[in-house]
Structures are given as C-alpha cells and as structure tokens.
Amino acid sequence: MKTTIESLEFPIDVKKKLKMKVSTTNLKFEFLSGHIIKFNKTNLSIREPHKIIVENNNKNILVALLYDDSEKVYLPRENAIISLTKYIAILNTLNKC
C-alpha cells in the first residue's frame, strides 16, 4: 500500500507565546512539525501531532504534543491535557530546576 506524507507547519503563534512568556536562559526548545500520512486509494489518513521538546541544564526532558487546538497541550508522560498557560507555568518551574 502506498502512502503520501504531507508536512504541517508548526503554529507560529505558539512559538511566539512560548518565547515571550518563558524564560529561556536554562531551557532548550525543539519544535517538530507534524505530518498527515494519507493512504492512497482509500479515505484513511493519520495525523501526527506537532511536538515540543524542552530540555533544561539538568537534562530533564519534557515532551508535549500539540494537535489542531493550539490552546491545549497533551503531555504523554503524565497522560494529561492541559492549557497552554498551565504549560507555560510548568516550563517556568522547570527553568528554575
């Protein structure tokens, strides 16, 4: 079965909010764009979410997934969906560690 992969553009407004509201002195951000994987000759597709990977100086890594709604973030390690403002608060506490 053949597939087609389309890259999605990472939401610029989320990047701006994170860079403006999070102190980045001890944090390293990596923004990975999501994809849409379409199965040719079918009506099926899979949507891979955008990923935000944050690492601090102590090598603590926090991975977050961002789907269509840019105001909600999914934290797979905690199995929780949180608001973007709460995620920013978590990052600011991670920055102090």
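Higher on the page you've got the structure.
Owing to the predicted nature of the structure, the values given are computational and were not obtained by experimental measurement.

Explain the overall build of the protein chain to me, please; I cannot follow it from the model alone.
Of the regular secondary structure elements, the protein chain holds two helices and eight strands. Ordered by position in the sequence, the α and β elements of the protein chain form the string β-α-β-β-β-β-β-β-β-α. Each principal axis of the C-alpha distribution contributes one length, and for the protein chain these read about 50 × 25 × 20 Å. Evaluated residue by residue, the protein chain yields a buried proportion of 31% over its 97 residues. For the protein chain, restricting intrachain contacts to residue pairs at least 6 apart in sequence, the fraction spanning at least 24 positions comes to 49%. Total accessible area computed for the protein chain in this model is approximately 6,500 Å², and 54% of it derives from carbon and sulfur atoms. Taken together, the 16 basic and 10 acidic charged side chains of the protein chain have centroids lying 2 Å from each other.

Is there a simple way to think about the side chain of Asn 56 in this case?
With respect to the helices and strands, Asn 56 occurs in strand E5 (residues 50-56). Of the polar contacts made by the side chain of Asn 56, one reaches the backbone nitrogen of Asn 60; its length is 2.9 Å.

Parameters and conventions
Residues numbered from 1 in each chain as written. Predicted model: local features only at pLDDT ≥ 70, side-chain atom pairs only at ≥ 80, totals over all residues. Heavy atoms only, no water. Helix = DSSP H or I, 4+ residues; strand = E, 2+ residues; numbered from the N terminus. Buried < 20%, exposed > 50% of the residue type's maximum accessible area, 1.4 Å probe, protein only. Contact = heavy atoms within 4.5 Å. Areas by Shrake-Rupley, 256 points an atom, 1.4 Å probe, with all protein chains shown as cover. Lys, Arg positive; Asp, Glu negative; His and termini not counted. Charge placed at Lys NZ, Arg CZ, Asp CG, Glu CD. Polar contact = N/O pair within 3.5 Å; in protein donor to acceptor, adjacent residues only side chain to side chain.

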